[in-house]
Every structure is written in C-alpha cells, then in structure tokens.
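Close look at the chain arrangement
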Amino acid sequence: MSDHIKKIYSLYAYVYDTLFGKIFEHGRCTALKMMDIEPHDTILEVGIGTGLSLPLYPKGISITGIDLSEEMLLRAKAKKMKYTLDNVHLATMDASLLAFRDNTFDKVIASHVITVVPEPMRTLNEIKRVCKKKGDIFILNYAGIDNQFISRFEKIISPIRDKLGLGKHFDLDLLLKEACLPVISKQQVNIFNACQIIKCNNNTSSEA
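Analysis parameters
- Residues numbered from 1 in each chain as written.
- Predicted model: local features only at pLDDT ≥ 70, side-chain atom pairs only at ≥ 80, totals over all residues.
- Heavy atoms only, no water.
- Helix = DSSP H or I, 4+ residues; strand = E, 2+ residues; numbered from the N terminus.
- Buried < 20%, exposed > 50% of the residue type's maximum accessible area, 1.4 Å probe, protein only.
- Contact = heavy atoms within 4.5 Å.
- Pairing = 2+ DSSP bridges.
- Axes fitted to C-alpha atoms, helices over the stretch in contact; angles between N-to-C directions.
- Phe/Tyr/Trp six-rings, centres within 6.5 Å; stacked < 30°, edge-to-face > 60°.
- Right-handed = clockwise from strand over helix to strand, strands pointing away.
- Polar contact = N/O pair within 3.5 Å; in protein donor to acceptor, adjacent residues only side chain to side chain.

1. Brief notes about the overall build of the chain
- Tallying secondary structure elements over the chain gives 7 helices and 7 strands in all.
- Element order for the chain, N to C, with α for helix and β for strand: α-α-α-β-β-α-β-β-α-β-α-α-β-β.
- For the chain, the residues scored as buried account for 49% of the 208 residues in total.
- A separation threshold of at least 6 residues defines the contact pool for the chain, and within that pool the share at least 24 residues apart is 72%.

2. With respect to the sheet that holds strand S6 (residues 183–189)
- Taken in spatial order, the 7 strands of this open sheet run S3-S2-S1-S4-S5-S7-S6, and their pairing is mixed. Either end of the sheet is taken by a strand with one partner, and the two such strands are strand S3 (88–92) and S6. Taken pair by pair, the neighbouring strands of this sheet meet at an average axis angle of 15°, ignoring direction.
- Here strand S5 (residues 131–142) runs beside strand S7 (residues 195–201); their pairing, made up of 7 bridges, is antiparallel. In the strand pairing of S7, Leu 140 is matched with Ile 197.
- Its contacts with the sheet place helix H3 (residues 25–35) against strand S1 (42–46), strand S4 (105–111), S5, S6 and S7, and it is angled at close to 155° to S6.
- Helix H4 (residues 70–82) rests against strand S2 (62–67) and S3 of the sheet, and its axis sits at about 165° to S3.

3. A word on the packing of aromatic side chains
- Using the criterion set out here, one finds 1 aromatic pair in the structure.
- Ring plane angle 90° and centroid distance 5.1 Å describe the contact between Phe 100 and Phe 105, whose orientation is recorded as edge-to-face.

4. A closer look at H3
- Looking at H3, one finds that the buried residues are Gly 27, Arg 28, Thr 30, Ala 31, Leu 32, Met 34 and Met 35.
- Turning to H3, the residues buried within the fold contact helix H2 (16–20), S1, S4, S5, S6 and S7.
- Looking one or two residues beyond H3, the residue adopting positive phi is Asp 36, at roughly 45°.

5. Structural notes on the side chain of Lys 79
- Counting through the fold element by element, Lys 79 comes out in helix H4.
- Take Lys 79: its relative accessible area is 14%, and that puts it in the buried class.
- Beyond its immediate sequence surroundings of up to four residues, Lys 79 is in contact with Asp 17, Thr 50, Gly 51, Leu 52 and Leu 85.

6. Focus on the pairing of S2
- Burial of S2 is extensive: 5 of the 6 residues sit out of reach of the surface.
- Relative to S2, S1 runs parallel, the two sharing 5 bridges. Note on S2: the bridge partner recorded for Thr 42 is Ser 62.
- Where S2 and S3 come together, 5 bridges link them in parallel fashion. Bridge pairing in S3 links Ile 66 to Ala 91.
- Considered for its hand, the β-α-β crossover made up of S2, H4 and S3 is right-handed.

7. Considering the environment of Asp 106
- Following the sequence through the fold, Asp 106 ends up in strand S4.
- Residue Asp 106 is classed as buried on the basis of its relative accessible area of 16%.
- Placed 31 residues apart in sequence, Asp 106 and Ile 137 show a C-alpha to C-alpha distance of 8.8 Å.
- Ignoring anything within four residues of it in the chain, the contact list for Asp 106 reads His 40, Asp 41, Thr 42, Cys 131, Lys 132, Gly 135 and Asp 136.
- In terms of polar contacts, Asp 106 uses its side chain to reach the side chain of Lys 132, at 3.2 Å.

Without other data, these values stay purely geometric and don't point to any function.
See the structure below:
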C-alpha cells in the first residue's frame, strides 16, 4: 500500500466518524444482516477503519479487524474498550498481504477497500486465501449513482478521487469474475443507492 494512502487516511481518522458515520450507516447495518452470522462463525473485516461496525456484530462472535492506518485503528480500539468487546482483535495490516493462515475465517467482509487499494486483484486473492473454502465473502463498496451524466462525470474525476483516497472507477463485477468469485447476491444501499453489498462464495482456489 502506498505511503500516500496511509497519509490520507491518517488525516481522515480525525473526521471519519463525523463525515461518514451517518452517511454509510445504512450500508453497514444491511451488510451485517446479509452476513447472517452464526454463533460459531469467525469473521475478518478488511478495512475496519475507526470501528464503526463493531457495535453491530452479535455479542461473543470472534471478530478480527485490520486496517493499514494506525490512526484509524486507535479509534477502533477506543470503541472496543467503550463497548467491552473482548471478542474483537485489531491489527495494523496491508490488505494485499494478510498475515493469516489459509482457510482461517468463515466469513470475510471488505468495507470500502477494493477500489482504494493499489492492487485490487492481489487483495481479492488474499481474501480468498484466508477465507475458508465454501465460506462467504462480502464486498461493501461505492458503486456510483445510476445516472448516465453523473457516471460520465465520475469517470472524468476518477484520478482525483484516487488521489483523495476515495477509490478508482472500475468495473467491480468484471474484477470479481476475473478473481473467480461467483456473485450470489447484490443489494444497493446508502444515499441514492450509491453503494452496493455483493455476496460471493469462496468455492474456488486463489490464483497468484
């Protein structure tokens, strides 16, 4: 992960909850419902940020959250203490180089990560590797507003969005197909249905 992205999210950490807390709340809540978490499930959240999702998880579930930004994780750790979440484990980690064994987690969710990382395919392959075979993978990401004019405008400003750490404009469906991740279901969420939650099944092996 580039130093630029680290610096950007180090700055965002101070205002992230204020700027994006309510705006993305619907997506977080819907994603947790879609995950249909069972009592025995082990969960990995890639890009846990300031930990806004932590209070939404069922009590007692084993949750591991990673993020590249130490400043973001400091705020996640504060929420862990506030809500007494002893079942939560947080770590600073690059999403494209996960320090976990193969087939570790029952379910993995990547929240607003895939379009931000420099190597999205490598990140997806790492997610597939650490997710158990037949496990579920959830991608929560900005998908664009369903308006032809706005869509064209977004493509034009994509380099600017990338510089601001808000993600690149690309075909996520095509990326998932290339990663051999079959899409089980999709749901549009958040204001203007600008984001989507994609559920995939990890029924194929990772590719280098």
